[in-house]
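This is what each chain is made of:
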Amino acid sequence: MSVKTGEVVRLQRPSAYWMGRAVRHRRAGNRRRAAALLRHALSLSPTDSDLRMEYARTLQEMECYEASNRAAFGVLTQDPRR
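What counts, and where the lines are drawn
Residues numbered from 1 in each chain as written. Predicted model: local features only at pLDDT ≥ 70, side-chain atom pairs only at ≥ 80, totals over all residues. Heavy atoms only, no water. Core = buried A, V, L, I, M, F, W, Y, C linked by side-chain atoms within 4.5 Å. Buried < 20%, exposed > 50% of the residue type's maximum accessible area, 1.4 Å probe, protein only. Helix = DSSP H or I, 4+ residues; strand = E, 2+ residues; numbered from the N terminus. Contact = heavy atoms within 4.5 Å. Axes fitted to C-alpha atoms, helices over the stretch in contact; angles between N-to-C directions. Parallel < 35°, antiparallel > 145°, perpendicular 65-115°, else oblique. Left-handed = near helix turned anticlockwise from the far one by under 90°.

Draft legend 1. Region of the structure containing the nonpolar core. Counting residues in each nonpolar core, the largest one holds 13 residues, and the members touching the most others are Ala-22, Leu-38, Leu-51, Tyr-55 and Ala-71. Examining the composition of this core, we find that six residues originate from one element, helix 2 (residues 31-44), more than from any other. Not counting the four nearest positions on each side in its chain, Ala-22 is found in contact with Ala-34, Leu-37 and Leu-38.

Shown next, in the form of structure tokens:
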């Protein structure tokens, strides 16, 4: 990749990258870190229903049932077939 002088280089990672890291943290038992990474991924892709469901599942595993329900119902409003 060649960069010209004065050109802005984008360093931000896509939401799929953050979701992958979150899944690894969740599998390792670090659900709090996984939830933080999923929130960041959601800020980049707020309409990704798979990402929102992953976040809801992580919250449920953390016993944050109210927040999990809000996230899950948010997915249903976007995609009623789920």
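Draft legend 2. Representation of the packing of helix 2 against helix 3 (residues 49-61). At a minimum axis distance of 10 Å, the contact between helix 2 and helix 3 shows a crossing angle of 155 degrees. Here helix 2 is positioned roughly antiparallel relative to helix 3, judged by the angle of their axes. As for how helix 2 packs across helix 3, the hand of that crossing is left-handed. Contact residues: Arg-31, Ala-34, Ala-35, Leu-38, Arg-39, Ala-41 and Leu-42 in helix 2; Leu-51, Arg-52, Glu-54, Tyr-55, Thr-58 and Glu-61 in helix 3.

Draft legend 3. How the structure looks around the side chain of Glu-54. Assignment of secondary structure puts Glu-54 in helix 3. Setting aside residues up to four positions removed in sequence, Glu-54 forms contacts with Met-19, Val-23, Arg-26 and Leu-38.

Draft legend 4. Molecular detail of the environment of Leu-51. You can see Leu-51 is positioned in helix 3. Ignoring any residue separated from it by four or fewer positions in sequence, one finds Leu-51 in contact with Ser-15, Met-19, Leu-38, Ala-41, Leu-42 and Ser-45.

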